Amino acid sequence: MNNLPTRKGIIVLLVMSILLVGCADEAGIRGKQAIDLPPCSAEGSIFAERTLDKWPSLFHLGVDAVINAHLEQAGAVGDAALQCTAQDYRALSPASDNLRTVASFLPLWRKNPEMLNDVSEADMGAVLLEYVRVYECSLDEMQNQLPFKAAEQNTNGDALDLGTYHNRQGEALAMIEEERRLARPALERAFELIGGYERLRPLWLEIECLKRASLDLRNGLGLVAEGSACMSRIWDAHGSLRDLPD
Amino acid sequence: MTSTFFVIGLMLASFPWYAHAQQEPATGIYERAYSLLREESASDDLPSDVALYLQAFAKSEWEMELTEEEVKRIVAGDIAGVCGNRPSNDPLENIVGCNQAAAQLRRLANDELRIRKAGQEMQAIATGFELPTSDLPGRTLQINTDLRGIISIWSAGTGSMKEDDESTIIIRTKAADPDDNQLKQILQRIGQRIGDATRDDGVGAVWRYQYGVRLVDGQRAPTFPAPYLGPNSGPTTERRFLSKRWNDEQKNLEQALMELWTYAKGESFDPPLTSKEVVYFTFPKSMTQGTLPDNVLVWARVDTSGVYSDAGLQWYTPLRPVHPALLPDPNEDAEKPYIAGGNYPPEPITVSPQGEQPLDGQGLCTSPGAKRGYLCRPYELLDPGDRCPEDDKQSIDPDAINLIHCTKDDDLRSTAAGPDVCREINWKEASFNPQTQCRVAMSCGNCNGRDASATPKNGGGNIQVCVGGGLGPSTYSAYRGLVYAAQACSKAPNAPVAGHYPGLTAKESNAVCCEYETEAYQAQCALMARDGMFDTNESKQGADGIPFNAETCAEFLANQACKSGQMKGCFTSRTYSKRFGTELVAYLNRSNPADVPASCNEALNSETMDRRVSGFEESLNRIEYVCTPTTVSEYKNRIGNNLCYIGQCIEQSMELHRSTPARVPGGVQEPIAPWDSPLAGSPLGNLVMNPPLTQGYIPLYRPQLLVKLSDAALCQLQGLPPLTPPVLCTASPSRQLALTRTNPLDTITGLLTQRTQQEAASNDVLTLMPGVGVRAGSALYTRYLSDASRSFAGILSVATELLEEMKKVTFPTQMCTLQ
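Worth saying up front: this structure is predicted, and the values here are computed from it rather than measured. (Residues numbered from 1 in each chain as written. Chains lettered and ligands numbered in written order. Predicted model: local features only at pLDDT ≥ 70, side-chain atom pairs only at ≥ 80, totals over all residues. Heavy atoms only, no water.)

Further remarks concern the overall build of chain A. Broken down by element type, chain A carries eight helices and zero strands. When the helices and strands of chain A are placed in sequence order, the string is α-α-α-α-α-α-α-α. When each of the 246 residues of chain A is scored for burial, the buried share is 49%. Considering only contacts in chain A between residues 6 or more positions apart, those separated by 24 or more positions represent 78%. Put simply, chain A shows about 11600 Å² of open surface, and 54% of that area lies on carbon and sulfur atoms. (Helix = DSSP H or I, 4+ residues; strand = E, 2+ residues; numbered from the N terminus. Buried < 20%, exposed > 50% of the residue type's maximum accessible area, 1.4 Å probe, protein only. Contact = heavy atoms within 4.5 Å. Areas by Shrake-Rupley, 256 points an atom, 1.4 Å probe, with all protein chains shown as cover.)

Written out as structure tokens, the structure reads:
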């Protein structure tokens, strides 16, 4: 029983590392220049600009929107403008608006406009993992600052009684603990669910490109077929000695 | 800073998911996973069926009455709180007894919760793999459906795929009218009767009817019999939700689903359904939202035969498995009020005339799309011994599960003049045309004193081939009879053919006779020569100093055939005596080195018939000279169909070409002059090989082997051989007792502590196992993809080559004239 979280953690780490290796490499995080991850803090992120009660919906609906857009894009791959001659898959799939928005919430992409411009749907894993990291860091930071924040939130100017103060702090603490317990596993579970699709995605994009090439091939072969109808006339060279008398 | 806020504000304003974060709950894959995790992690929300199970268990085992609230407190760890307040008449009022019982209940609860959590983990993993390949309309991911598009561009045939008698193709979906009140009411009834799809009963209902209510009810038998139920699937077993029927008066879900199917069946289709079509109904989300539980979709399917027609339920994203039932069906008389575990179900098999057949994938294979998958049909083996694993029934590896079973290698079929590229494909739309096609029937008979003959083609395109005897084994005569038929086949009905010269003068008859008989006897004698009939010393010696060989055989026999009546015979390169003819015929009659069927009955019996004769006959029945001037062919514009047309034009050119005036080759690429004997060398080009195909390989799946290896590793860590069960390896007293220690206390301490030490090592193994499992799974997947991608690369390479070749062609600017 006690081993379960650890074992699950290892599975997820492996899956994540596969996603990250694939995505990070493609995202240009590697290969260009070493970029330091921002410190473990809410500073510079969207969370620093919102009150704690807005964080859970901001995070969960954000992740949901990014994953939905990712899958929607996959469903509409037939209508997408694919660059089938691209050297990598990043060029095949530009980032959805939702993914770009979430990336812009995070210090890493906020401070590197070039990376933000360059973000692709292939970076989804990297962006969401950074999102959850920043979220967890923000929650930890908030937990440490709760005594002060709980007092600060007394907005109506009245004196804060001790009971209200404790209640407010208790509610916030419960929420932080629940989010710390659920946010990452939920994201990992979602990655598990779309893992099959992610594995097949490169193949799928190739197939879409092949489909388009196939249409060209089909039309070309239609012309060849029409041309081949002349073959019997070219080769059926009856000679006078061979022909039967009329 | 202001500008930053402005930019963010602008961005936020344009994204609804953020702007309405508080108002609209999302229902995507992530949101569903998150909700499920919240539910799992809520410690104070013990599932009610687990609580009821614990109550029933306590009552049955110890006569201990517990409320649901008390059970929840026990599971939460408040044993003292519950046991301290027991009434004095409680059988377990002794605090120690209560404590022990409560501790056991807590363990049971934790075990059940762990099983549920593990089940959901495994379900998530399975869903991750299977969802992208699902073919159910309405789900998020449909790679399968998209693959069909490409297949339909490439494949030859008149349907969307290559068709056979058994396959049915989904080619249509129909969106239900969202304003249809009757349909809305049906969906509402279905929604009400599923109930709460987050509880075992509701979850069980969705899984139970995933392949359709008619299937469950046996209405699609015998093609698709009702799902197999083992003896351990009854209403008092832990598998009871897999066999339950939701058809009682209060909750008649089956009736509601049948209403949906009846509704779908009554719909009209434009154009009307053909026998090869299946229509899937799709229901807009606006209809199902609020009526059906979240994450549940309903489907209906209709075809003309009714074999595939059904209606059922499915998950958008399967997240919840069917948990083992903890309580028996309340309507059944059970031995105990709770279910105390169960046995593994028996191996699902069925006995058919072919022997025992596994039933895995049975439900899946009742869907027209999935039916074409490798789990549901034999895997065609092209490269025996290399690509296909051993037969699953005769598996030499007991740990392996073969996901496929293979058929034997198919014979390469060829016509008399090379292969027919589209032999097994109905690639054209047109029906039988007696002007350009024929139907050949063979029979034994007198044949007007000849050993083989054929009638001219009649108005219906029919040709009768008669096979007699007296000129060697009848197989060769039958072959020549088919050559006559082929000659007639390419002509218009009632045109003169060998032996039938209506309206022709003697000279004309003689010319036609020589043309056709020479070709026919050349084919027969060449076949004899290939079988080694003329390789003997006797044949080399011949008669009158002339050897018996394909050339002299054909020349003499054709000449003889055209010497009847007023016909004077054909040109021969030498003069043949009567004695030569007599001895040749006698030699042919006593010679049969290839042991081909000799009597007419054997030669024409489908079971003993020579493959070349049967192949020739088959090809004649399918042959159509599409490239003959004035012939119009209609087919769907697909790569395969275009290639069929091109291929048949090439074949026709090769088979009937007259590239040099006055010179007619007897067969494909045969020499055009008699002295240019093909028998001197290998007749190249007579057999065009199929292009090499790279088959995908489904690797063996060896879960049992992996488990054995991990068990062995566990025991190795303890320095022990593999033991069963492996838990024996975690505590072996012999290891400590075998050590000679000066102080016996050390031995006792060793015995006490060794379990802890070994547990630490075991935990390491257990911790590593999921990682190893992921690696093993990935290796399996990589191995499959590496082979599958080779096929893909092969297709791409062919496509590239074709495109390259096409670049070299200068296409005419106008169509070739028909005349």
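Geometry of a packed helix pair, given as the angle between the helix axes and the separation of the axes. Residues and elements named next belong to chain B. Between helix H16 (residues 506-530) and helix H18 (residues 550-561), the least distance of the axes is 8 Å, while the angle of their chain directions is 145°. For the pair H16 and H18, the sense of crossing is right-handed. Contact with H16, carried on its side by Cys 513, Glu 517, Thr 518, Tyr 521, Gln 522, Cys 525, Ala 526 and Ala 529, involves Ala 550, Cys 553, Ala 554, Leu 557, Ala 558 and Ala 561 of H18 and no other residues of that element. Classifying every residue of the contact of H16 with H18 gives eleven nonpolar, two polar and one charged. (Axes fitted to C-alpha atoms, helices over the stretch in contact; angles between N-to-C directions. Left-handed = near helix turned anticlockwise from the far one by under 90°. Nonpolar A, V, L, I, M, F, W, Y, C, P; charged D, E, K, R; others polar.)

A separate point is the sheet that holds strand S9 (residues 462-467) of chain B. Residues and elements named next belong to chain B. Sheet architecture is open: three strands sit in the order S7-S9-S8, paired in mixed fashion. The strands lining the two open edges of the sheet, one partner per strand, are strand S7 (439-444) and strand S8 (452-454). This sheet shows a mean twist of 15° between the axes of neighbouring strands, independent of strand direction. Bridge count between S8 and S9: three bridges; the pairing is antiparallel. (Pairing = 2+ DSSP bridges.)

Turning our attention to the pattern of salt bridges. Scanning all chains against the criterion turns up 26 salt bridges over all chains. Across the pair Glu 136 of chain A and Arg 180 of chain A runs a salt bridge whose closest N-O atoms are separated by 3.4 Å. Of the two residues, Glu 136 of chain A is situated in helix H6 (residues 124-152) and Arg 180 of chain A in helix H7 (residues 162-228); the sequence distance between them amounts to 44 residues. For Arg 180 of chain A, a relative accessible area of 32% corresponds to the partly exposed category. For the salt bridge of Arg 612 of chain B with Asp 531 of chain B, the shortest nitrogen-to-oxygen distance reads 2.9 Å. Taken as a pair, Arg 612 of chain B in helix H21 (residues 611-622) and Asp 531 of chain B in the loop between H16 and helix H17 (537-541) lie far apart in primary sequence, 81 residues in all. Residues joined in a network through salt bridges with shared partners are Glu 136, Asp 140, Arg 180 and Arg 184 of chain A. (Salt bridge = Lys/Arg side-chain N within 4 Å of Asp/Glu carboxyl O.)

This next bit is on the environment of Pro 328 of chain B. Residue and element names in this part refer to chain B. One can find Pro 328 in the loop between strand S4 (310-315) and strand S5 (349-352). A relative accessible area of 11% means that Pro 328 is categorised as buried. Through-space distance from the C-alpha of Pro 328 to that of Glu 238 is 7.7 Å; in sequence the pair is 90 residues apart.

Before going further, it helps to examine the nonpolar core. Among the nonpolar cores identified, the biggest contains 59 residues, and Val 440 and Met 442 of chain B are the most heavily contacted of them. Other than its neighbours up to four places away in sequence, Met 442 of chain B contacts Val 465, Val 467, Ala 478, Leu 482, Leu 604, Val 613 and Glu 617 of chain B. If you look at the next biggest cluster of nonpolar residues, it comprises 55 residues, including Val 63, Val 127 and Leu 193 of chain A together with Leu 131 of chain B. (Core = buried A, V, L, I, M, F, W, Y, C linked by side-chain atoms within 4.5 Å.)

Quick look at a nonpolar patch on the surface now. A surface patch of nonpolar side chains, about 240 Å² in accessible area, is lined by Leu 723, Val 727 and Leu 728 of chain B. Summarising the element assignment, Val 727 of chain B is placed in the loop between helix H23 (703-717) and helix H24 (733-737). (Patch = residues over 30% accessible without salt bridge, like charges linked within 9 Å, V, L, I, M, F, W, Y side chains within 5 Å.)

The next thing to look at is the side chain of Ser 214 of chain A. Tracing the backbone through its elements, the reader meets Ser 214 of chain A in helix H7. Given the relative accessible area of 1%, Ser 214 of chain A is considered buried. Excluding its chain neighbours within four sequence positions, the residues that come into contact with Ser 214 of chain A are Ile 150, Ile 153, Trp 154 and Ile 639 of chain B.

On to the confidence of the model for chain A. Scored by pLDDT, chain A comes out at a mean of 74, with 71% of its residues at no less than 70. A low-confidence stretch, residues 1-32 of chain A (pLDDT under 50), is modelled with 43 contacts involving residues beyond four sequence positions or located in other chains. (pLDDT = per-residue confidence, 0-100.)

With that settled, consider the packing of H7 of chain A against helix H3 (residues 29-41) of chain B. At their nearest, the axes of H7 of chain A and H3 of chain B sit 8 Å apart, and the two run at 130° to each other. The orientation of H7 of chain A with respect to H3 of chain B, classified from their angle, is oblique. Note on packing geometry: the crossing formed by H7 of chain A with H3 of chain B is right-handed. Every residue of H3 of chain B that contacts H7 of chain A at Glu 178, Glu 179, Arg 181, Leu 182, Ala 183, Pro 185, Ala 186, Leu 187, Arg 189, Ala 190, Leu 193 and Ile 194 of chain A is listed here: Ile 29, Tyr 30, Ala 33, Tyr 34, Leu 36, Leu 37, Arg 38, Glu 40 and Ser 41 of chain B. Split by residue class, the contact of H7 of chain A with H3 of chain B holds 14 nonpolar, one polar and six charged. (Parallel < 35°, antiparallel > 145°, perpendicular 65-115°, else oblique.)

So, on to H7 of chain A. End to end, H7 of chain A covers 93 Å across 67 residues, agreeing with the expected 99 Å (1.5 Å per residue, within 8%). In the structure, H7 of chain A departs most strongly from a straight axis at Ile 194 of chain A, where the bend amounts to approximately 50°. (Expected span 1.5 Å × (residues − 1). Bend = angle between axes of the 7 residues up to and from the residue.)

Residues and elements named next belong to chain B. Between Ala 221 and the following residue, Pro 222, the backbone shows a cis peptide bond with an omega angle of 5°. By the secondary structure assignment, Pro 222 is in the loop between helix H11 (213-216) and helix H12 (240-243). Positive phi is not limited to glycine here, since Asn 448 has a value of about 55°. Unusually for a residue other than glycine, Asn 494 sits at a positive phi of about 65°.

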